[in-house]
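Coordinates in review
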Amino acid sequence: MPATPSQPTRRKNARRQPQQADATSATHQAQSITTSLLRTKNLMSQELDRVSTLNTNIDDDGALLHDAKEEHAGMGGTMKGAKKVMGRLGRQDVRDAVILKCAIGFYWVVVAYVLWSRIKVPFLP
C-alpha cells in the first residue's frame with residue numbers, strides 16, 4: 001500500500017495552497033496595476049508633448065498677430081492721408097473733365113466762327 005501523508009502534513013499543504021494562490025494573485029494584480037500605470041504615464045507624456053507643441057504654436061501665432069496689429073495701427077495714419085489725397089484727386093478729376101468739355105466746346109465755337117467769317121455760308125447770317 002502506498003504511503004499516505006499524515007494528517008498534519010495535509011493540513012499544512014492545504015493552508016499553503018491558498019496562501020500561494022493569494023500571493024500569486026497579488027503578484028498578478030501588482031503587475032497589472034504597474035502595466036496600467038506605465039500606459040497612463042506614457043499617455044500623459046504624449047499628451048504633455050502635444051500640449052507643449054500646441055502652446056508653442058499658439059505663442060508664435062499670437063506674436064504674428066501682434067506684429068500684424070502694430071503694422072496695421074501704424075498704417076492708420078497713412079491710410080487716412082491716402083484717403084484725403086484720393087478725395088482731392090477725385091475732385092481734381094471732375095474739375096479736369098469739366099475743363100476739357102468746356103475747351104472742346106470752345107474749340108468748336110471758334111471753328112464755327114472762323115468758317116462763318118471766312119466762307120460766309122449763305123444760310124448763316
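Residues numbered from 1 in each chain as written. Predicted model: local features only at pLDDT ≥ 70, side-chain atom pairs only at ≥ 80, totals over all residues. Heavy atoms only, no water.

Another aspect to go through is the pattern of salt bridges. On inspection of all chains with the given rule, the structure shows one salt bridge. Across the salt bridge formed by Arg50 and Glu47, the nearest N and O atoms sit 2.6 Å from each other. With Arg50 and Glu47 both in helix α1 (residues 7-119) and three residues apart, the pair spans about one turn of that helix. Assessed through its relative accessible area of 45%, Arg50 is described here as partly exposed. Judged by its relative accessible area of 39%, Glu47 is partly exposed. (Salt bridge = Lys/Arg side-chain N within 4 Å of Asp/Glu carboxyl O. Helix = DSSP H or I, 4+ residues; strand = E, 2+ residues; numbered from the N terminus. Buried < 20%, exposed > 50% of the residue type's maximum accessible area, 1.4 Å probe, protein only.)

In the structure shown here, the tally under the stated rule is two aromatic pairs. Arranged with centres 5.4 Å apart and planes meeting at 70 degrees, the rings of Tyr107 and Trp108 form a pair that is edge-to-face. Take Tyr107 and Trp108: they sit in the same class, and that class is exposed. Between the aromatic rings of Tyr113 and Trp116, the centroid separation amounts to 6.2 Å while the plane-to-plane angle is 45 degrees, which identifies the pairing as tilted. Of this pair, Tyr113 and Trp116 both sit in helix α1, three residues apart, roughly one helical turn. Judged by its relative accessible area of 52%, Tyr113 falls in the exposed class. (Phe/Tyr/Trp six-rings, centres within 6.5 Å; stacked < 30°, edge-to-face > 60°.)

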